[in-house]
Amino acid sequence: MEVVGQLPADSSLRLAVEEQEADFVIAGADYGFEEISEVLVQHPRVQVLEVAGDGRESFLYHLRPARTPLGELSPRTIVDAIRDARGTT
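Residues numbered from 1 in each chain as written. Predicted model: local features only at pLDDT ≥ 70, side-chain atom pairs only at ≥ 80, totals over all residues. Heavy atoms only, no water.

Caption draft 1: A look at the nonpolar core. Of all hydrophobic cores here, the largest spans 12 residues; its members are Leu 13, Val 17, Ala 22, Val 25, Ala 27, Tyr 31, Ile 36, Val 39, Leu 40, Val 46, Val 48 and Tyr 61. Listing elements by their share of this core, those giving two or more residues are helix H1 (13-20), strand E1 (24-28) and helix H2 (33-42). With near-sequence residues (within four places) excluded, Ile 36 lies in contact with Leu 13, Tyr 31, Val 48, Glu 50 and Tyr 61. (Core = buried A, V, L, I, M, F, W, Y, C linked by side-chain atoms within 4.5 Å. Buried < 20%, exposed > 50% of the residue type's maximum accessible area, 1.4 Å probe, protein only. Helix = DSSP H or I, 4+ residues; strand = E, 2+ residues; numbered from the N terminus. Contact = heavy atoms within 4.5 Å.)

As structure tokens, then:
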């Protein structure tokens, strides 16, 4: 693993990812969800580890296309897949 650089607190996360050609970014909680989402949409292979202000919590953001076998197709399978994608049960 190579650490490329450090980002000043007031700089753009998207620009830093593009300039450093980063695959993985550790960011403080000062970057909002919208800015992290923008980075992931424009750079789908990047993963962002967000560390909360107190350093005790962290969150991993990533977009990763994946193929998930669902088994035999049925109306119930379709409903369950949609609910899973939405995060509802």
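Caption draft 2: Structural detail: the packing of H1 against H2. The interhelical angle for the contact between H1 and H2, taken along N-to-C directions, is 35 degrees, at an axis separation of 9 Å. Across the interface between the two elements, Leu 13, Arg 14, Val 17 and Glu 18 from H1 touch Glu 35, Ile 36, Glu 38, Val 39 and Gln 42 from H2. Per-class residue counts for the contact of H1 with H2 are 4 nonpolar, 1 polar and 4 charged. (Axes fitted to C-alpha atoms, helices over the stretch in contact; angles between N-to-C directions. Nonpolar A, V, L, I, M, F, W, Y, C, P; charged D, E, K, R; others polar.)

Caption draft 3: Region of interest: H1. Every buried residue of H1 is accounted for by Leu 13, Ala 16 and Val 17. The buried residues of H1 occupy one face: seen down the axis, they fall within an arc of 100 degrees. In the core, the buried residues of H1 are packed alongside E1 and H2. At the N-terminal boundary of H1, the capping side chain belongs to Ser 12, with an oxygen 3.4 Å from the backbone nitrogen of Arg 14. Phi turns positive one or two residues past the end of H1, at Glu 21, with a value near 50 degrees. (Arc of directions from axis to C-beta. Polar contact = N/O pair within 3.5 Å; in protein donor to acceptor, adjacent residues only side chain to side chain.)

Caption draft 4: Region of the structure containing the pattern of salt bridges. What the rule picks out here adds up to 3 salt bridges. Between Glu 18 and Arg 14 there is a salt bridge whose closest N-O contact spans 3.3 Å. Residue Glu 18 and its partner Arg 14 are both found in helix H1; the two are separated by 4 residues, about one turn of the helix. A relative accessible area of 24% places Arg 14 in the partly exposed class. With its nearest N and O atoms 3.1 Å apart, the salt bridge here joins Asp 80 to Arg 76. (Salt bridge = Lys/Arg side-chain N within 4 Å of Asp/Glu carboxyl O.)

Caption draft 5: Spatial organisation of the sheet that holds strand E3 (residues 58-62). Pairing in this open sheet of 3 strands is mixed, and the strands run E1-E2-E3 from one edge to the other. If you trace the sheet from one side to the other, it starts and ends with E1 and E3, each paired once. Direction aside, neighbouring strands of the sheet carry axes that sit 20 degrees apart on average. Here 5 bridges tie strand E2 (residues 47-51) to E3, and the two strands are oriented antiparallel to one another. Paired with Gln 47 across the bridge in E3 is His 62. (Pairing = 2+ DSSP bridges.)

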